[in-house]
Amino acid sequence: MSAEQQVTGGHTRRRHLLVAAGLGLASFAVYFRTLAPTVSLGDSAEFATAAYFLGIPHPTGYPLYMLLSKLFIVALPFGDVAYRVNLLSAVFAALSVGVLYLLIIAMTSRPWVAVVSVLSVAFAHSFWSKAVVADVYSLHAFFMVMSLLVVWQWRQTGEKKYLYILSAVLGLSLAHHGLTLLIIPALVYGVVALGPFRKLRLGHALFMSAVVLLGLSFYLYLPLRYAQNPPMNFAAMIDVDLTTFKGFTGFVSGRIFRTELTSFTTETVGSQMSLALASAFADYLVVGAFLVVFGAYAHYKRDRRGFLFLLLVFLPNLLFISAYRIRDISDYFMFVALPLSVWLAEGMGLLSDALVGFAGRRTETGGEAGRPFSLVLLLFLPLALFLYNFGDVDRSGYRVAKDYCDENLSAVPREAVILTRFPASNLWYCHLVDGLRPDVTVVDPGLATLRAREFSVPRGASTEEHIEIVARAELSVVDEYASRPLFVVKYDSVLATRWAFEVYGELYRLLDKGMPLVERTPEEASEVRLPIFDGSLRLVKVSLEPREVKAGDLLRVVLSWRATKVPEVDPFLTFSFRRRYEGEYRSISSSYQMKQGYYLLGPTRWPEGSVVVEYYDLLVLYEAEPGSYALDLTLVGDGVVLPVVAGTSERVSTGVRLGEFRILE
């Protein structure tokens, strides 16, 4: 009798379902214990706010998630709104754990190894961290593993009902998240190559298509709710009309993010691919990573079609992550790690067999005496992951986001405008859901940059043109509120071009700098000789204050220029921080690029021979280490670095050194 027959005879379908339910409940208990009690930062706050109003979050709109979240908000009688939406993530993460066990047991026929592998996934950082806050990823993980399980059941039974179930799951998954497109190659391969595809007829295909379309009908939610204009309506914020075909298709396809997907380079792809793989393997610690590699090879030798099925899940997700250039790309890493869980189980099976064989050679009672020992040894992996990740993932006492918005909304004067930016969208939640400070306006000017990138930046535009168009779009939003007290939640170099920054508790107050100050050839400036950029702009005076700062402080730079002749373009100023190492200053990653003339009065409009005074506030990054630093200046115009052609100041590469300062402990 084969091993598979032994397993089938010894572990009934009902027993597997009970084990899956037990694993799901156990993982849910952990997620419930570590669940965030209220609103979190970033997308979580946006999703909770949108769900409360049955609104529309950022593309692709996530209509199914909005409806399910609203159901949890209405049905649950405890916790605040954000807590109830957080609970949705915990529920579907736990369901994913149970379904993943059924998938692994179906593909490996090794129950105990499947248990250990599933627990390792449940307590992996990338998976667990998304189970305790409001986010769309746990629901997508559920649909992902469910669709893979259904395809595998089609392979094992050849029953058409599994294809109908697959159609329903696929339709709902597409109505939830666009990442579903990445697993369609695997699903198509599974249906065609793993089961009795030739038995299907045209009627079966038509019925399956109808079921998929039924699931996709949830997207009708978007134009219907858009027409009712709920308080949280992302489409309206970026001027996309979801009642039109162009607006609807562009929104659900995430067209405004196309730049992040089409502007990749070989260097960025390699960097993000390495980061994704490192994260996936880190989820299972070093030992687990080795088991995944050996398990993948064992799976390939044992079942090449099954291996290719998983590979078609793994590779598209990895390639997408490698090419998609967004700040929170780590949120997607769990979808690389999930297919690896089957190979992790395969690797654990190899290790268990090796330990059993070793015990058989060492004892007279036979190798099976080593089986319990091998299972106990393997359980150290999920136990280690649980202990290692618990402190970092536990959100049960997390109230930072809620306290932040409560305190800062309360602190600003009447009729103030707070300019928010990711990850401070929790201000939307406190302002709209909790109704705190209705006199205050919360605005995200960054949404204007999305509009500009989509509709205003011409194809083939230079980097400088792209930056300028996007920046002007953001500044135009701020200008609409210039008559009211303006505050911003975080430093923004675009705003720092035109506005002075003043610390106001945890916020910054914006003060209008007005036009650059133009003076006609003052005597005190005529004797100073500093560099000339490109023969047109002479830097005649520099002030850098204060000379001692702490990380998170503002550094003010005052520059006086003489227009020796009118330049052809208005340059960008690039301020670069250099840290001193062993007697020399070396480049670090932080730099700021700002438009000379505040986007209001550039050098092309300065009177020839005049002296113009500008000032800029630069943020000393919070992660900057104590030590000696220098600030360098480079001018870039029309895509070309303007050369320094004369002057006595210290030259640095293509620019000049403005001064030195210290960052204190």
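Figured I'd write up the structure that's included with this text. (Residues numbered from 1 in each chain as written. Predicted model: local features only at pLDDT ≥ 70, side-chain atom pairs only at ≥ 80, totals over all residues. Heavy atoms only, no water.)

### A few points about unusual backbone geometry
In plain terms, the rule: Secondary structure counts use DSSP, requiring at least four H or I residues in a row for a helix and at least two E residues in a row for a strand, with both numbered from the N terminus.
In this model, P59 is joined to T60 through a cis peptide bond whose omega is 20°. Within the element layout of this structure, T60 appears in the loop between α3 (43-52) and α4 (63-75). The omega torsion of the bond from E545 to P546 falls at -10°, within 30 degrees of zero and hence cis. Structurally, the position occupied by P546 is in the loop between β8 (537-545) and β9 (548-550). In this model, L54 sits at a positive phi of 50°, which is unusual for a non-glycine residue. Topologically, L54 is positioned in the loop between α3 and α4. Of note, Y62 is a non-glycine position whose phi angle comes to about 50°, a positive value.

### Section: the pairing of strand β11 (residues 572-581)
Filter applied, for reference: Accessibility here uses a 1.4 Å probe with only protein chains present; expressed as a share of the type maximum, an area under 20% marks a residue as buried, one over 50% as exposed, and anything in between as partly exposed. A pair of strands counts as paired when DSSP detects no fewer than two bridges linking them.
The buried fraction of β11 amounts to eight of the 10 residues, a majority that puts the element mostly inside the structure. Alignment of β11 against strand β14 (residues 627-637), held across eight bridges, turns out to be antiparallel. Pairing of S576 across the sheet is with D632, part of β14.

### What about helix α2 (residues 13-33)?
We count it as follows: One less than the number of residues in a helix, times 1.5 Å, gives the span that helix is expected to have. The directions considered for the arc are those from the helix axis to the C-beta atoms. The contact definition used throughout considers only heavy atoms, calling two residues in contact when any of these lie within 4.5 Å.
Across its 21 residues, α2 extends 30 Å between first and last C-alpha, which sits within 8% of the 30 Å expected from 1.5 Å per residue. Along α2, the residues classified as buried are H16, A20, L23, G24, S27, V30 and Y31. For α2, the angular spread of buried residues about the axis comes to 125°, placing them on one side. Away from the buried face of α2 by more than 90 degrees, exposed residues R14, L18 and L25 are located. In this structure, the buried side of α2 is in contact with α5 (81-108), α6 (111-122), α7 (125-128) and α21 (380-393).

### Some details on the pattern of salt bridges
Oppositely charged side chains can form a pair if their charged atoms are brought close together. Worth spelling out the cut-off: By convention in these notes, a salt bridge is any Lys or Arg side-chain nitrogen within 4 Å of a carboxyl oxygen on Asp or Glu.
This model, assessed by the stated rule, comprises 17 salt bridges. The partner of K402 in a salt bridge is D434, and the shortest N-O contact between them spans 3.2 Å. Residue K402 is located in helix α22 (residues 400-411), and its partner D434 is located in the loop between α23 (426-433) and β2 (441-443); the two are separated by 32 residues in the primary sequence. The exposure class assigned to D434 is partly exposed, which follows from its relative accessible area of 38%.

### Digging into the environment of Y226
Position of Y226 among the secondary structure elements: in helix α12 (residues 221-228). With 170 residues separating them along the chain, Y226 and I56 place their C-alpha atoms 7.4 Å apart. With residues near it in sequence (within four places) discarded, Y226 still touches I56, N233, A235, A236, V240, D241, L242 and T243.

### Points about the sheet that holds β2
Filter applied, for reference: Only C-alpha atoms enter the line fits that serve as axes; for helices the fit covers just the stretch in contact. Angles between N-to-C directions range over 0 to 180 degrees.
Judged by pairing direction, the sheet is mixed, and its five strands sit side by side in the order β2-β1-β3-β5-β4 without closing on themselves. Unpaired on one side and paired on the other, β2 and β4 (499-504) mark the two borders of the sheet. For this sheet, the mean angle separating the axes of adjacent strands, direction not counted, is 30°. The pairing of β4 with strand β5 (residues 507-512) spans six bridges and is classified as antiparallel. Residue F501 lies in a different strand from β5, and its bridge partner there is L510.

### Let's talk about a nonpolar patch on the surface
Rules: Residues with no salt bridge and a relative accessible area higher than 30% make up the patches, which join like charges within 9 Å and nonpolar side chains (Val, Leu, Ile, Met, Phe, Trp, Tyr) within 5 Å. All accessible areas in this document rest on Shrake-Rupley with a 1.4 Å probe, and a residue is counted as covered only by the protein chains that are shown.
On the surface, V376, L377, F380, L383 and L387 cluster together into a nonpolar patch covering about 490 Å² of accessible area. Only α20 (371-378) and α21 provide two or more residues apiece to the nonpolar patch. It is α21 that contributes the most residues to the nonpolar patch, three residues altogether. For F380, the location among the structural elements is in helix α21.

### A few points about the packing of aromatic side chains
For the record, the criterion: Here the aromatic set is Phe, Tyr and Trp, taking the six-membered ring for Trp, and pairing holds for ring centres within 6.5 Å; pairs whose planes are under 30 degrees apart are stacked, those over 60 apart are edge-to-face, and all others are tilted.
Taken as a whole and judged by the stated rule, the model has 27 aromatic pairs. Between F123 and F386 the ring centres are 5.2 Å apart and the planes differ by 70°, which places this aromatic pair in the edge-to-face class. Of this pair, F123 sits in the loop between α6 and α7 while F386 sits in helix α21; the two residues are 263 residues apart in sequence, bridging distant segments of the chain. Considering the side-chain rings of Y300 and F307, the 5.4 Å spacing of their centres and the 75° angle between planes classify their relative orientation as edge-to-face. What makes Y300 partly exposed here is its relative accessible area of 31%. For F307, a relative accessible area of 16% gives the class buried.

### Focus: the packing of helix α10 (residues 184-193) against helix α18 (residues 304-323)
Formally: Every angle not falling under 35 degrees, over 145, or within 65 to 115 is termed oblique; those three ranges are roughly parallel, roughly antiparallel and roughly perpendicular. Classification used: nonpolar for Ala, Val, Leu, Ile, Met, Phe, Trp, Tyr, Cys and Pro, charged for Asp, Glu, Lys and Arg, polar for all others including Gly.
Closest axis-to-axis distance for the α10/α18 pair is 7 Å, and the angle between their directions is 160°. One finds that α10 runs roughly antiparallel with respect to α18. Judged by residue contacts, P185, A186, Y189, G190 and A193 of α10 engage R305, L308, F309, L312 and V313 from α18. In terms of residue class, the contact of α10 with α18 is made up of eight nonpolar, one polar and one charged.

### Examining the nonpolar core
Rules: To qualify as a nonpolar core, a set must consist of buried Ala, Val, Leu, Ile, Met, Phe, Trp, Tyr and Cys residues joined through side-chain atoms within 4.5 Å.
In terms of nonpolar packing, the biggest core is built from 150 residues, with Y31, Y65, Y101, F127, F251, F309 and L338 touching the most fellow members. Looking at this core element by element, the count peaks at 19 residues for α5. Among residues more than four places away in sequence, those in contact with Y65 are F47, V85, L88, A134, D135, V136, L139 and H176. Counting residues in hydrophobic clusters, the runner-up holds 57 residues, among them A448, W561, L631 and L658.

### Description of the pairing of β8
Regular strands show a simple pattern: their side chains alternate between the two faces of the sheet. Of the strand pairs in this sheet, strand β7 (residues 532-533) and β8 are connected by two bridges, and their pairing is antiparallel. Across the sheet, I532 pairs through a bridge with R538, a residue of β8. Counting the residues between successive antiparallel strands, the hairpin from β7 to β8 contains three residues, one of them, D534, with a positive phi of roughly 60°.

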